[in-house]
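Below are the chains, spelled out letter by letter.
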Amino acid sequence: DNLLVDDNGRLAVIDFQITGTGAASYDLGYFLSQSLEPEVRRPINDALIDRYFEALGQTGVQFDREFLTRVFRLSTAWCLIYPVSTFAGWEELPEQTRDMARVMLRRAVSSIHDQGALALLPPA
């Protein structure tokens, strides 16, 4: 829904859904937990984290690698809010939106499990 292609094949990306400031690894957590199918994400997960960490360093953003990974894992758990929040108005949603919510929920749960993200939450 956010990718627009004109008649010449030129691509434009528009996404103003979530804007703000926060932990650098939040964007990575959101991307990996919502945008990639688990079978695509799993074999490249760690390489994407490494690449993101290196790219931050190249732009002058310095983080301890362990801290970045921890915040990434927590962000992955937090990003479950996006697919879950769609259920509030489920009955009124178009079927295409429902399908996307189901896909995002499945991807998010898979990523949370794979990252061991819930292990970082404080005990209840």
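Relevant structure appears above.
Before going into details, it helps to say that this report is about the structure given with it. (Residues numbered from 1 in each chain as written. Predicted model: local features only at pLDDT ≥ 70, side-chain atom pairs only at ≥ 80, totals over all residues. Heavy atoms only, no water.)

1. Concerning the environment of C79
Mapped onto the fold, C79 is located in the loop between helix 3 (65–78) and helix 4 (81–85). With relative accessibility at 0%, the residue C79 sits in the buried group. With 45 residues separating them in the primary sequence, C79 and Q34 have C-alpha atoms 7.9 Å apart. When sequence neighbours within four positions are dropped, the list of residues in contact with C79 reads Y26, G29, Y30, S33 and Q34. (Helix = DSSP H or I, 4+ residues; strand = E, 2+ residues; numbered from the N terminus. Buried < 20%, exposed > 50% of the residue type's maximum accessible area, 1.4 Å probe, protein only. Contact = heavy atoms within 4.5 Å.)

2. What about helix 3?
Counted at 1.5 Å a residue, the expected span for helix 3 with its 14 residues is 20 Å, and the 20 Å between its end C-alpha atoms agrees. The distance from a side-chain oxygen at the start of helix 3 to the backbone nitrogen of E66 is 3.2 Å, and the residue carrying that oxygen is D64. (Expected span 1.5 Å × (residues − 1). Polar contact = N/O pair within 3.5 Å; in protein donor to acceptor, adjacent residues only side chain to side chain.)

3. Here we look at helix 5 (residues 95–115)
With 21 residues, helix 5 ought to run about 30 Å at 1.5 Å a step, and its terminal C-alpha atoms sit 30 Å apart, in line with that. When we look at burial in helix 5, the residues that qualify are R98, A101, M104, R107, A108, S110, S111, I112 and Q115. Looking at the packing, one finds that the buried side of helix 5 touches helix 1 (25–34), helix 2 (38–58), helix 3 and helix 4. With its phi angle positive at about 65°, G116 sits one or two positions after the end of helix 5.

4. Details of the packing of aromatic side chains
Overall, the coordinates contain 3 aromatic pairs when judged by the stated rule. With centroids separated by 4.7 Å and ring planes inclined at 25°, the aromatic side chains of F87 and W90 adopt a geometry described as stacked. Judged by relative accessible area, F87 falls into the partly exposed class, the value being 36%. Given a relative accessible area of 15%, W90 falls into the buried group. Across the ring face of F53, the terminal group of R65 is positioned such that the distance to the ring centre comes to 5.6 Å. (Phe/Tyr/Trp six-rings, centres within 6.5 Å; stacked < 30°, edge-to-face > 60°. Lys NZ or Arg CZ within 6 Å of the ring centre and 35° of its normal.)

5. Considering the packing of helix 2 against helix 3
Taken N-terminus to C-terminus, the directions of helix 2 and helix 3 make an angle of 120°; their axes are 11 Å apart at the nearest point. In terms of their interaxial angle, helix 2 and helix 3 are classed as oblique. When you trace helix 2 past helix 3, the crossing you get is right-handed. Across from D46, I49, D50, F53 and L56 in helix 2, the residues of helix 3 making contact are R65, L68, T69 and F72. (Axes fitted to C-alpha atoms, helices over the stretch in contact; angles between N-to-C directions. Parallel < 35°, antiparallel > 145°, perpendicular 65-115°, else oblique. Left-handed = near helix turned anticlockwise from the far one by under 90°.)

6. Quick notes on the pattern of salt bridges
For the coordinates displayed, the defined rule picks out 10 salt bridges. A salt bridge links E37 to R106; its shortest N-O distance comes to 2.7 Å. Here the residue E37 occupies a position in the loop between helix 1 and helix 2, and R106 occupies one in helix 5, the gap between them amounting to 69 residues. Given the relative accessible area of 21%, E37 is considered partly exposed. The class of R106 is partly exposed, set by a relative accessible area of 40%. Residues joined by salt bridges that share partners form a network here, namely E91, E95, R98, D99 and R102. (Salt bridge = Lys/Arg side-chain N within 4 Å of Asp/Glu carboxyl O.)

Distances and angles like these do not, on their own, reveal function.
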